[in-house]
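Residues per chain, in single letters:
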Amino acid sequence: MFAKQERMTDIKRPADCHTKADIRTAIDALDQDLLKLFAQRQGYVRRMAELKQRPDEAFDHDRIETMVAALKNRAEDLGLEADQAEQVWRVLIDWNVAYEKRTIAARLEKGQAPNTSWVSKETR
Ligand SMILES: C=C(O[C@@H]1C=C(C(=O)O)C=C[C@H]1O)C(=O)O
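Model, not experiment: these values are computed from the prediction.

Undergrad: Looking at this structure, I do not really get the overall build of the protein. What am I missing?
TA: What the protein contains, in helices and strands, is 3 helices and 0 strands. Beginning at the N terminus, the succession of helices and strands in the protein can be written as α-α-α. Counted over contacts in the protein with a minimum sequence separation of 6, partners at least 24 positions apart contribute 62%.

This is how it looks when you write it as structure tokens:
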């Protein structure tokens, strides 16, 4: 089954914004959407940490470089500077790699097997 996707907020186009308040309203609405997407994405990273067996699996160089290259290309198609996309995603991915490493290491220290019934409810 696919994850449920809520509809994004309706906002004014940049050219239809005539005040700082108009622009800030749009930015705040978009930030709420971004936050939901980041939270949704994080659910998959938590699940990945449950499925991976060893801390050294957390960092997957080839996967990261393939993703970043694809995201940079797509960003340019969308009119977003590739450099901005790269920096945002590298911070996000670095955080996730560190999260996976410490989560897997902590689980191993407790002697728990991966992917068992202790999986948290929100990541299912
Ligand atoms: C989610 C993964 O774990 C890490 C986190 C990634 C991410 O946040 O997209 C990408 C690569 C991984 O090193 C993965 O291996 O795909």
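Undergrad: What exactly am I supposed to notice about the environment of Arg90 here?
TA: Position of Arg90 among the secondary structure elements: in helix H3 (residues 82-109). Given 13 C-beta atoms within a 10 Å radius, Arg90 is considered partly exposed. As for Arg90 and Glu65, which are separated by 25 residues in sequence, their C-alpha atoms are 9.7 Å apart.

Undergrad: What is the right way to look at H3 in this model?
TA: Since one α-helical turn is 3.6 residues long, residues separated by three or four positions face the same way. When the terminal C-alpha atoms of H3 are compared, their 40 Å separation across 28 residues agrees well with the 40 Å that a helix rising 1.5 Å per residue should span. Those residues of H3 that sit buried are Asn96, Glu100 and Ile104. Each element contacted by the buried residues of H3 is listed here: helix H1 (20-51). At the C-terminal side of H3, Gly111 shows a positive phi close to 75°.

Undergrad: It is not clear to me how the site of the ligand should be interpreted in this structure. Could you clarify?
TA: Taken together, Val45, Met48, Ala58, Phe59, Asp60, Arg63, Ile64, Ile93, Asn96, Val97 and Glu100 make up the full set of residues near the ligand. When contributions to the shell around the ligand are tallied by element, the ones reaching two or more residues are H1, helix H2 (61-78) and H3. Looking at the shell around the ligand element by element, the count peaks at 4 residues for H3. Broken down by class, the residue content of the shell around the ligand amounts to 7 nonpolar, 1 polar and 3 charged.

Undergrad: When you look at the packing of H2 against H3 in this model, what are you seeing that I'm missing?
TA: At a closest axis distance of 8 Å, the pairing of H2 and H3 adopts a crossing angle of 145°. Judged by the sense of rotation from one axis to the other, the crossing of H2 with H3 is right-handed. Where H2 abuts H3, its residues Ile64, Val68, Leu71, Lys72, Ala75 and Glu76 lie against Ala82, Ala85, Glu86, Trp89, Arg90 and Ile93. Residue composition of the contact of H2 with H3, grouped by class: 8 nonpolar, no polar and 4 charged.

Undergrad: Would you explain the confidence of the model for the protein in this entry?
TA: When pLDDT drops low, the exact placement of atoms in the prediction is not to be read closely. For the protein, the mean per-residue pLDDT works out to 90, and 84% of the residues sit at or above 70. Reported for the predicted complex are a pTM of 0.85 and an ipTM of 0.98.

Undergrad: What's the story with the UniProt feature "domain: Chorismate mutase" (unreviewed entry) in the protein in this structure? I'm lost.
TA: UniProt tags residues 14-104 as "domain: Chorismate mutase" (unreviewed entry). Summarising residues 14-104: 80% helix, 0% strand, and an end-to-end C-alpha distance of 44 Å.

Undergrad: It is not clear to me how the packing of H1 against H3 should be interpreted in this structure. Could you clarify?
TA: Two measures define how a pair of helices packs: the angle their axes make with one another and the distance between the axes. Running from amino to carboxyl end, H1 crosses H3 at an angle of 40°, the nearest separation of the two axes being 9 Å. Remark: the crossing between H1 and H3 carries right-handed chirality. Facing Val45, Met48 and Ala49 of H1, the residues of H3 in contact are Asn96, Tyr99, Glu100, Thr103 and Ile104. Looking at side-chain class alone, the contact of H1 with H3 contains 5 nonpolar, 2 polar and 1 charged residues.

Basis of the calculations
Residues numbered from 1 in each chain as written. Predicted model: local features only at pLDDT ≥ 70, side-chain atom pairs only at ≥ 80, totals over all residues. Helix = DSSP H or I, 4+ residues; strand = E, 2+ residues; numbered from the N terminus. Contact = placed C-beta atoms within 7 Å. Buried ≥ 20, exposed ≤ 12 C-beta atoms within 10 Å, placed from the backbone. Expected span 1.5 Å × (residues − 1). Near = placed C-beta within 6 Å. Nonpolar A, V, L, I, M, F, W, Y, C, P; charged D, E, K, R; others polar. Axes fitted to C-alpha atoms, helices over the stretch in contact; angles between N-to-C directions. Left-handed = near helix turned anticlockwise from the far one by under 90°. pLDDT = per-residue confidence, 0-100. UniProt positions renumbered as here; feature names shortened; annotations may be inferred.

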